[in-house]
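# Examining the three-dimensional arrangement
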Amino acid sequence: MSSRRSGKGGDVAENLFRYPLTIGMPHTNHNQLSESLFLMHAGHFQWTSISRMLGTPLSRLRTLEGGEVYGTYQYIEEDFPEGLPMNSFRVDDECVFVNVLRAFKNISVDGRSLFHRVADLSPRAVEEFAANPDSWKGRAPYIRMANIFITPAGGNEFLKIAPPANVHFEGFPPLPIQENAYNIVRAVGNGEWFGTVRPGDIPFDRIDDYAPICEINPDRDRNGAGLVYFANYVAFMDWAERKAMTENAQTPFTPEQIEYRALRRREIAYFGNASVSDRVRIHVRMYRRRDGEVAFRYRLTRESDGRLIAVSEAVKSLPK
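Position numbers for residues count from 1 along each chain, tracking the sequence in the order it is written. Totals for whole chains, interfaces and linings use all residues, but because this is a predicted model, local features are given only for residues with pLDDT of at least 70 and pairs of side-chain atoms are given and counted only at 80 or more. Computation of side-chain values: all heavy atoms of the structure, hydrogens and water removed.

## Notes on the overall build of the protein chain
Each helix and strand counted, the protein chain has five helices and 16 strands in total. For a compact globule the rule gives 2.2 Å times the number of residues to the power 0.38, and the radius of gyration it is set against comes from C-alpha atoms. Computed over C-alpha atoms, the radius of gyration of the protein chain comes to 20 Å, within 12% of the 20 Å expected from 2.2 N^0.38 for 320 residues, which places it in the range of a compact globule. Dimensions of the protein chain along its principal axes, counting C-alpha atoms only, are 60 × 50 × 35 Å. Only protein chains enter the area calculation, which uses a 1.4 Å probe; residues under 20% of their type maximum are buried, those over 50% are exposed, and those in between are partly exposed. Counting only residues that meet the buried cut, the protein chain has 54% of its 320 residues in that class. Counting only contacts in the protein chain whose residues sit at least 6 apart along the sequence, the fraction spanning at least 24 positions is 74%. Here the accessible surface of atoms and residues is derived via Shrake-Rupley with a 1.4 Å probe, and residues count as covered only by protein chains that are part of the display. Here the protein chain displays about 14500 Å² of accessible surface, and carbon together with sulfur accounts for 50% of that area. Charge assignment in this entry is limited to Lys and Arg as positive and Asp and Glu as negative, and neither His nor the chain termini are counted. By convention, charge coordinates are those of NZ in Lys, CZ in Arg, CG in Asp, or CD in Glu. Charge centroids of the protein chain, computed over 40 positive and 40 negative side chains, lie 2 Å from each other. Numbering of helices and strands runs from the N terminus, with a helix taken as a DSSP run of H or I at least four residues long and a strand as a DSSP run of E at least two residues long. Contact criterion: two residues are considered in contact whenever any of their non-hydrogen atoms come within 4.5 Å of each other.

In structure tokens, the structure reads:
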């Protein structure tokens, strides 16, 4: 396997992949591009890239004992530049995902993606992104998605790290241990926050422990592996956030602000999953940043045993 492959505009790195996407109704809601639907496509494209790098469908990954292996998500970062929030992308926009992969041994894969309208990218944008993905943060929508390989040991509630034994990872550029998203997830699990919510952001909840309970829909929220799909956690958080803005704000939001809030930035750390017979309690806090922006913190726990399953912070712009 060579380290370079030919592509439009010249040679490109073999760990780089491009996926066109014309935004249509399957990607949108009433507020244009939908975050949970957007992440479903970004996640699918990254899974496709991993499969192409490994040379086998991910459904065929197995442990040494023959158990099934899944590439679940442990960390996600989304960053939309100021003036270019998520809902600025609309039906019929011709866009592209540019996805670059690295791997930490055979345990985890780290993907960085550039997402933008094709017409708004310079001729050398793909090559420049491949050379330094993080330099594009603040210039165009940027997504980081970190996968870790697991097997369901004892049900969906208990996911065990399980490196796949029937594939090789030599084709992936190595991810330095200090850049492994596990370090972020571990710090958050120990009580730290991401930093998306800033020290100067002002809390404005009426009740500090506001925590609505979300029902899991077995027909909507599971993926083909029988797990609650990672992107649906965003839908859970959006539901709780809307309730908080409606019921728990010190000063009320207008209906238009609630309806047309738009993602600027989000980070998520995943710690587990939930059975579809369980429910998810979502602790959500709101923070005023400045006119036109609001920040949120979320902690998701299983109602059955109180175990932490996800933590997130987000910033959203409000219509003026």
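## Thoughts on the confidence of the model for the protein chain
As a per-residue measure, pLDDT reflects the predictor's confidence and takes values from 0 up to 100. When pLDDT is averaged along the protein chain, the result is 91, and 94% of the positions lie at 70 or above. Within the protein chain, the element-level pLDDT minimum falls on strand β1 (residues 4-7), averaging 35, and the maximum on helix α4 (residues 232-247), averaging 98. Confidence drops under pLDDT 50 across residues 1-12; counting only partners more than four residues distant or on other chains, this segment forms 24 contacts.

## Focus on the nonpolar core
What makes a nonpolar core is a set of buried Ala, Val, Leu, Ile, Met, Phe, Trp, Tyr and Cys residues whose side-chain atoms join them at distances within 4.5 Å. Of all hydrophobic cores here, the largest spans 67 residues; its most connected members are F38, F97, F115, F172, F253 and L300. The contact partners of F38, leaving out residues within four places of it in the chain, are L33, E78, F80, M86, F97, F115 and I143. Listed in part, the 12 residues of the second largest apolar core include L114, V126, A140 and Y142.

## Considerations on the packing of aromatic side chains
Two aromatic rings from Phe, Tyr or Trp, using only the six-membered ring of Trp, form a pair when their centres are within 6.5 Å; if the ring planes differ by under 30 degrees the pair is stacked, by over 60 it is edge-to-face, and anything between is tilted. Within this structure, the stated rule accounts for 17 aromatic pairs. For the pair Y229 and F230, a centre-to-centre distance of 5.0 Å together with 75 degrees between the ring planes defines the contact as edge-to-face. Members of the aromatic cluster, connected to one another through ring pairs, are Y19, F38, F45, F80, F89, F97 and F115. The positively charged end of R117 is found above the aromatic ring belonging to F89, 4.3 Å away from the centroid. A ring is scored as having a charge over it whenever the NZ atom of a lysine or the CZ atom of an arginine sits within 6 Å of its centre and within 35 degrees of its normal.

## Some points on the pattern of salt bridges
The rule for a salt bridge is simple: a side-chain nitrogen of Lys or Arg has to be within 4 Å of a carboxyl oxygen of Asp or Glu. Under the definition given, this model contains 27 salt bridges. In the salt-bridge network here, residues are joined through shared partners; they are E35, D238, E241, R261, R266 and K316.

## So, helix α1 (residues 35-54)
Each turn of an α-helix holds 3.6 residues, which means side chains three or four residues apart point in the same direction. Here α1 spans 28 Å end to end across 20 residues, near enough to the 28 Å set by a 1.5 Å rise per residue. Once α1 ends, the next one or two residues include G55, with phi positive near 75 degrees. Here, expected helix span is obtained from the residue count minus one, scaled by 1.5 Å.

## Remarks on the side chain of S275
As for its placement among the helices and strands, S275 is situated in the loop between β13 (262-270) and β14 (279-290). Between N or O atoms, a polar contact is any pair within 3.5 Å; within protein, one atom must be a potential hydrogen donor and the other a potential acceptor, and residues adjacent in sequence are included only when both atoms are from side chains. Among the polar contacts made by the side chain of S275, one reaches the side chain of S277 at a distance of 2.9 Å.

## A closer look at the pairing of strand β7 (residues 94-104)
Extensive coverage of β7 is indicated by the burial of nine of its 11 residues. Sheet topology note: the strand β3 (residues 16-22)/β7 ladder contains seven bridges and is antiparallel. Within β7, the position partnered with T22 by the bridge is E94. Note on pairing: two strands pair once DSSP finds at least 2 bridges between them. Relative to strand β8 (residues 108-117), β7 runs antiparallel, the two sharing 10 bridges. The residue bridging F97 from the neighbouring strand is F115, located in β8.

## Quick notes on the packing of α1 against α4
Note on geometry: axes are C-alpha line fits, over the in-contact stretch for helices, and angles between N-to-C directions span 0 to 180 degrees. Viewed as axis vectors pointing N to C, α1 and α4 meet at an angle of 170 degrees, and their least axial separation amounts to 8 Å. Compared by their axis directions, α1 and α4 come out roughly antiparallel. Touching E35, S36, L39 and M40 of α1 are N232, V234, A235 and D238, all from α4. When the residues that make up the contact of α1 with α4 are grouped by side-chain class, the tally is four nonpolar, two polar and two charged. Should an angle fall under 35 degrees it is called roughly parallel, over 145 degrees roughly antiparallel, and 65 to 115 degrees roughly perpendicular, with every other angle called oblique. Only Asp, Glu, Lys and Arg are considered charged in this grouping, and only Ala, Val, Leu, Ile, Met, Phe, Trp, Tyr, Cys and Pro are considered nonpolar; every other residue, Gly among them, is considered polar.

## Structural notes on unusual backbone geometry
We note that Q32 has phi near 70 degrees; this positive angle belongs to a residue other than glycine. Residue placement: Q32 occurs in strand β5 (residues 32-33). Using a relative accessible area of 19% as the deciding quantity, one classes Q32 as buried. Despite not being glycine, K105 shows a phi value in the positive range, around 50 degrees. Among the structural elements, K105 can be located in the loop between β7 and β8.

## Things to note about the environment of G43
Checked against the element boundaries, G43 lands in helix α1. Between the C-alpha atoms of G43 and F230, which are 187 residues apart in sequence, the distance is 8.9 Å. In contact with G43, other than residues within four places in its own chain, are Y73, M145 and F230.

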